[in-house]
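One letter stands for each residue in the lines below.
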Amino acid sequence: MRSQAPPRAVPVTVAGCHGWFHPASGEPTDRGVILVGPEGHEALLAHRGLRDLAMQCAALGLPTLRMDHPGAGDSPGDRFRLEAARGAILDAMDWMRAEAGCQAVALAGLRLGALLAAEAAARRPGEVACLLLLAPVAQGRTHRRQMLLAADVGGGRDDRAAGIVVAGLAWPAEELDD
């Protein structure tokens, strides 16, 4: 017997950010998932895997939302900002409840997305049904050092006073210190 293909992802705008909503296959549930991706070159490398994960979640009956952070990918903004990304995750939780009908929302984050998901969960105690942290950035200092090395190796700009550019993504100095 052939399994039913999940419905196609629907482009959405959540908190001003470009995203993709993957409706659940079969019976609707009151549970949903928000995938919080990494940033910069890691986001490029993880894009297909996160899309496949969203499709798998939807096939299991879990409506799933994935979106570009503010100022990154196809979302508007001149640059990625940590605080804006944190706020967008909280807005996405509200969107999943209001638009997708999810009473329980899980956050699944990869790398920097895992750190952002954990921070969002901490800002709304009791509102996150499940928190999945995949290869989380455990220390901002270590992640900053990795980005500085990537800027040096990859031919990006490394001006610690103004910030760095890694794989075309600008990180202002104040964000590196956050």
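Residues numbered from 1 in each chain as written. Predicted model: local features only at pLDDT ≥ 70, side-chain atom pairs only at ≥ 80, totals over all residues. Heavy atoms only, no water.

A. Region of the structure containing helix α2 (residues 82-99). The terminal C-alpha atoms of α2 lie 25 Å apart, and with 18 residues this matches the ideal 26 Å at 1.5 Å per residue to within 8%. Along α2, the positions that sit buried rather than exposed are Leu82, Ala85, Arg86, Ala88, Ile89, Leu90, Ala92, Met93, Trp95 and Met96. Just downstream of α2, Gly101 is the residue with a positive phi angle, here 70°. (Helix = DSSP H or I, 4+ residues; strand = E, 2+ residues; numbered from the N terminus. Expected span 1.5 Å × (residues − 1). Buried < 20%, exposed > 50% of the residue type's maximum accessible area, 1.4 Å probe, protein only.)

B. Molecular detail of the sheet that holds strand β6 (residues 128-134). Taken in spatial order, the six strands of this open sheet run β1-β2-β4-β3-β5-β6, and their pairing is mixed. Among the strands making up the open sheet, the edge pair consists of β1 (10-14) and β6. Averaged over neighbouring strand pairs, the angle between their axes works out to 25° when direction is ignored. For strand β3 (residues 31-36) and strand β5 (residues 104-110), the ladder comprises six bridges, and the chain directions are parallel. Bridging from a neighbouring strand, Val36 pairs with Gly109 of β5. Strands β2 (17-22), β3, β4 (64-67) and β5 of the sheet are contacted by helix α1 (residues 41-59), whose axis makes an angle of about 165° with β4. (Pairing = 2+ DSSP bridges. Axes fitted to C-alpha atoms, helices over the stretch in contact; angles between N-to-C directions. Contact = heavy atoms within 4.5 Å.)

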